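Summary of structural features
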Amino acid sequence: MTRYRVSAPAAFVRSAALVLSLVVGQTSLVANAQAVATPPAPAAEPAKATAAAATREATANANEASADVGDATAAPAPQRRPLPPTVLRRLPRRLERTDDERKELAAQLREIYRKTPSTWPAPTVDAGVKWQEIGLLPEVQHPEDNPFSNEKVELGKMLFFDPRVSGSGQMACASCHDPDLGWGDGRTTSFGMDRKPLDRNAPSLMNAAYHTSLFWDGRAESLEDQAQQVLLNQDEMRSAPADLSAKLGAIPGYHEKFTEVFGPAEAGGEVIDIDRVTKALACFERTITGGRTPFDHFLKGRKSALSDDAILGLDLFRREARCMNCHYGPLMADGEFHEVGLSYYGRKYEDLGRYAVTGETEDVGKFRTPSLRSFAKSGPYMHNGLFPTARGVLNMYNVGMPTIRRHEHQLEDPLFPKKSSLLKPLGLNNQDLSDLEAFLEAASEPYLRMRPPELPPAESQETAAK
């Protein structure tokens, strides 16, 4: 029920790299970091780096631009929007390690990370970042005005898969949030009513129960609110409260289910109204949660659940890749909004993000930090679906994300977006990027099939069946 937007030439897409943020470990964990025998900082040259490796790295750095472009061309992309004129700052890529060096480092890291997270090395974060250690998901909290019940979840699941909740009778919530597609739709940006291309990518509903704001711009504060906004949006499901009540109220099975879950109609009201519909939908959506990833199993004590590559990626994620400036806590997201250089300000496809909600100049071009849990299953990526692959995202973060160029007429523009200071070039090499991918894959949920429920038939169908 939500969306985003994108595009970029396949060639550019691969020149990117994931990670957000800065430097300054929390002082409370510095003592822990020193108390643990931490491995050599990956930023330093490996002691055993061979001349051949150094030669390969020099060649890679000399041809970095063309190498990055070549990275991204696995398959011809659909017509994607090119990035607007931007500035990219690359750092020389770090020397790669030999296989023996990687195995030795992975063994050291496995000993460190097999212990309780409170003893882990301090993460690399900037001053002022109120980070929380990544970890297991907590129990979902249901709001007091919409308590959990199995019957309500069952009803919400029916409504989620039922196209009759839309004005056309052809679009269901599952049209854009398909469980077989990681609870998104796999598209750059979604189609709305009458196949209208929408402006944003449909984010996954996996673990949406934990978000404190919904949509890329945070304009909804609850799943109930989010569901209602999509139902009423003329470009999306184009439903109307009175029509929705009449349409569903004419279906005997729904009338019976709503009465069972919510009780009879209140004075002057209907058994089925938009408030009850969105409460049932939200109750079901709060059950779409994870916690079965290899990383979760690792945190629970099965230390073989992470491969050596994933262990190396975990350490990179927390430290040299600086991901925990924005992607921390059990959800691997800070719940904040950041400008990452993709607003297309002043150009075609401009999207001002959070600013359209708050009207505050500092929010121009800011979008909600997505959860990196199940990241590997939730592409295309970013609010506009600009990157079709995880490696494309990682490559772009590796160069610090683009900085939009000011033109002469924009020099005094008070709304010109300001890219987050947490974004900096990283200089990660291909091994590092692959290790980060391995960790993000390990933090992604296994595929679980969810079959659509049997929907209550319309009265005419029941009559015909008899």
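Each residue is numbered by its place in its chain's sequence as written, counting from 1. With pLDDT at 70 or above as the cut-off, local features in this predicted model cover only qualifying residues; side-chain atom pairs require 80 or more to be listed or tallied, and sums for whole chains, interfaces and linings still use all residues. For the side-chain quantities, the full set of heavy atoms in the structure was used; hydrogens and water were omitted.

**Considerations on the overall build of the protein chain**
The helix and strand labels rest on DSSP assignments: H or I over at least four residues marks a helix, E over at least two residues marks a strand, and numbering proceeds from the N terminus. For the protein chain, the count of helices and strands is 16 helices and four strands. Exposure classes here rest on a 1.4 Å probe applied to the protein chains alone. A residue is buried below 20% of its type maximum, exposed above 50%, and partly exposed in between. Here the protein chain, with 466 residues, has 53% of them falling under the buried criterion. Across the protein chain, contacts joining residues at least 24 apart in sequence account for 79% of those joining residues at least 6 apart. Computed with the Shrake-Rupley method and a 1.4 Å probe, the accessible areas treat only the protein chains shown as cover for residues. Total accessible area on the protein chain stands at roughly 20,600 Å², and carbon and sulfur atoms take up 51% of it. The contact criterion used throughout is that any non-hydrogen atoms of two residues lie within 4.5 Å.

**Digging into the pattern of salt bridges**
A side-chain nitrogen of Lys or Arg and a carboxyl oxygen of Asp or Glu constitute a salt bridge if their distance falls within 4 Å. All told, the structure shown has 19 salt bridges when counted by the stated rule. Across the pair Asp-162 and Arg-164 runs a salt bridge whose closest N-O atoms are separated by 2.9 Å. According to the relative accessible area criterion, Asp-162 is buried, its value standing at 0%. Among the charged side chains, a salt-bridge network with shared partners connects Arg-200, Asp-217, Arg-219 and Asp-351.

**Things to note about the packing of helix 6 (residues 150-161) against helix 10 (residues 274-285)**
As a rule, the C-alpha atoms of each element are fitted with a line to give its axis, helices using only the stretch in contact, and angles between N-to-C directions run from 0 to 180 degrees. Packing of helix 6 against helix 10 leaves a shortest axis separation of 7 Å and a crossing angle of 100 degrees. The angle between the axes of helix 6 and helix 10 places the two elements in the roughly perpendicular class. Along the contact surface, helix 6 presents Lys-152, Val-153, Leu-155, Gly-156, Lys-157, Leu-159, Phe-160 and Phe-161, while helix 10 presents Val-277, Lys-279, Ala-280, Leu-281, Cys-283, Phe-284 and Glu-285. Each residue is assigned to one of three groups, with Ala, Val, Leu, Ile, Met, Phe, Trp, Tyr, Cys and Pro labelled nonpolar, Asp, Glu, Lys and Arg labelled charged, and all others, Gly among them, labelled polar. Its residues assigned to classes, the contact of helix 6 with helix 10 comprises ten nonpolar, one polar and four charged. Angles are sorted into four bins: roughly parallel if under 35 degrees, roughly antiparallel if over 145, roughly perpendicular if 65 to 115, and oblique for all others.

**Focus: the packing of aromatic side chains**
Centre distance within 6.5 Å is the pairing criterion for rings of Phe, Tyr and Trp, where only the six-membered ring of Trp is used; planes under 30 degrees apart are then read as stacked, over 60 as edge-to-face, and the remainder as tilted. In total, this model carries twelve aromatic pairs according to the counting rule given. Ring centres of Tyr-345 and Phe-416 lie 5.5 Å apart, and the angle between their planes is 75 degrees; this geometry places the pair in the edge-to-face category. Here Tyr-345 is found in the loop between strand 2 (337-339) and helix 13 (355-358), whereas its partner Phe-416 is found in the loop between strand 4 (403-404) and helix 15 (430-442), with 71 residues between them in sequence. For the pair Tyr-345 and Phe-416, one class covers both residues: buried. Aromatic rings pair up to connect Phe-160, Phe-161, Trp-183 and Phe-284 into one cluster. Lying over the aromatic face of Phe-215, Arg-219 brings its terminal NZ or CZ to 3.7 Å of the ring centre. For a ring to carry a charge above it, either NZ of a lysine or CZ of an arginine must fall within 6 Å of the ring centroid while also lying within 35 degrees of the normal to the ring plane. We note Lys-303 situated over the ring of Phe-298; from NZ or CZ to the ring centre the distance is 4.4 Å.

**Considering unusual backbone geometry**
For the bond running from Gly-379 to Pro-380, omega is -5 degrees, close enough to zero to count as cis. Looking at where Pro-380 falls in the secondary structure, it is placed in the loop between strand 3 (366-368) and helix 14 (390-398). Within the chain, Arg-322 stands out as a residue other than glycine whose phi angle is a positive 60 degrees. Note that Arg-322 resides in the loop between helix 12 (308-318) and strand 2. Here the phi dihedral of Met-401 falls at roughly 65 degrees; this positive angle occurs in a residue that is not glycine. With respect to the helices and strands, Met-401 occurs in the loop between helix 14 and strand 4. By relative accessible area, Met-401 is classed as buried at 1%.

**Remarks on the nonpolar core**
Buried together is how nonpolar side chains tend to be arranged in soluble globular proteins. Take the buried residues of types Ala, Val, Leu, Ile, Met, Phe, Trp, Tyr and Cys, join any two whose side-chain atoms come within 4.5 Å, and each joined set is a nonpolar core. In terms of nonpolar packing, the biggest core is built from 54 residues, with Ile-134, Phe-295, Phe-317 and Met-382 touching the most fellow members. Where this core is concerned, the elements lending two or more residues are helix 5 (99-113), helix 11 (294-299), helix 12, helix 14 and helix 15. Setting aside chain neighbours within four positions, we find Ile-134 in contact with Trp-120, Phe-295, Leu-314, Phe-317, Arg-318, Met-324, His-327, Tyr-328, Gly-329, Pro-330, Met-332 and Phe-439. Counting residues in hydrophobic clusters, the runner-up holds 37 residues, among them Leu-205, Met-206, Leu-214 and Leu-231.

**Some thoughts on the environment of Cys-283**
Relative to the assigned elements, Cys-283 resides in helix 10. The spatial distance from the C-alpha of Cys-283 to the C-alpha of Glu-154 is 9.2 Å, given a sequence separation of 129 residues. Excluding residues that lie within four positions of it along the chain, Cys-283 makes contacts with His-142, Asn-146, Pro-147, Phe-148, Ser-149, Lys-152 and Val-153.

**Things to note about helix 5**
With 15 residues, helix 5 extends 21 Å between its outermost C-alpha atoms, agreeing within 8% with the 21 Å of an ideal straight helix rising 1.5 Å per residue. Among the residues of helix 5, those classed as buried are Glu-101, Arg-102, Leu-105, Ala-106, Leu-109, Arg-110, Ile-112 and Tyr-113. Viewed along the axis of helix 5, the buried residues span an arc of 165 degrees, placing them on a single side of the element. Within helix 5, the exposed residues directed more than 90 degrees away from the buried face are Asp-100 and Lys-103. Given a helix with a known number of residues, its expected span is that number minus one, times 1.5 Å. Within this analysis, the arc is defined by the directions that extend from the helix axis to the C-beta atoms.

**As for helix 14**
For helix 14, a buried count of nine out of nine residues is recorded, marking the element as mostly surrounded by other parts of the structure. All of the buried residues in helix 14 are Ala-390, Arg-391, Gly-392, Val-393, Leu-394, Asn-395, Met-396, Tyr-397 and Asn-398. After helix 14 finishes, the residue Gly-400 shows a positive phi value of roughly 80 degrees.

**A closer look at the state of the cysteines**
Cysteine sulfur atoms are paired as a disulfide whenever they come within 2.5 Å of each other. Per the counting criterion, the structure on display carries zero disulfides. Sulfur of Cys-176: no disulfide; nearest cysteine sulfur belongs to Cys-173 and is 9.0 Å away. Residue classification places Cys-176 among the buried positions, given a relative accessible area of 3%.

**Overview of the confidence of the model for the protein chain**
The predictor's confidence in any single residue is recorded as pLDDT, a number from 0 to 100. Averaged over all residues, the pLDDT of the protein chain is 84; the fraction at 70 or higher stands at 80%. Every residue in residues 1-79 scores below 50 in pLDDT, and together they form 244 contacts with partners more than four places removed in sequence or on other chains.

**Digging into the environment of Asp-296**
Assignment of secondary structure puts Asp-296 in helix 11. Linking Asp-296 and Ala-443, residues 147 residues apart in sequence, is a C-alpha distance of 7.4 Å. Dropping the residues within four chain positions of it, Asp-296 is found in contact with Leu-136, Gly-291, Arg-373 and Glu-445.

**Quick look at the packing of helix 14 against helix 15**
Viewed as axis vectors pointing N to C, helix 14 and helix 15 meet at an angle of 130 degrees, and their least axial separation amounts to 10 Å. In terms of orientation, helix 14 and helix 15 fall into the oblique class. At the point where helix 14 passes helix 15, the crossing takes the right-handed sense. Packed against helix 14, whose contacting residues are Ala-390, Arg-391, Leu-394, Asn-395 and Asn-398, the element helix 15 presents Asn-430, Leu-433, Ser-434, Leu-436, Glu-437 and Leu-440 at the interface. The class makeup of the residues in the contact of helix 14 with helix 15 is five nonpolar, four polar and two charged. Each helix crossing is assigned a hand: it is left-handed if the near helix lies turned anticlockwise from the far helix by less than a right angle, otherwise right-handed if that turn is clockwise.

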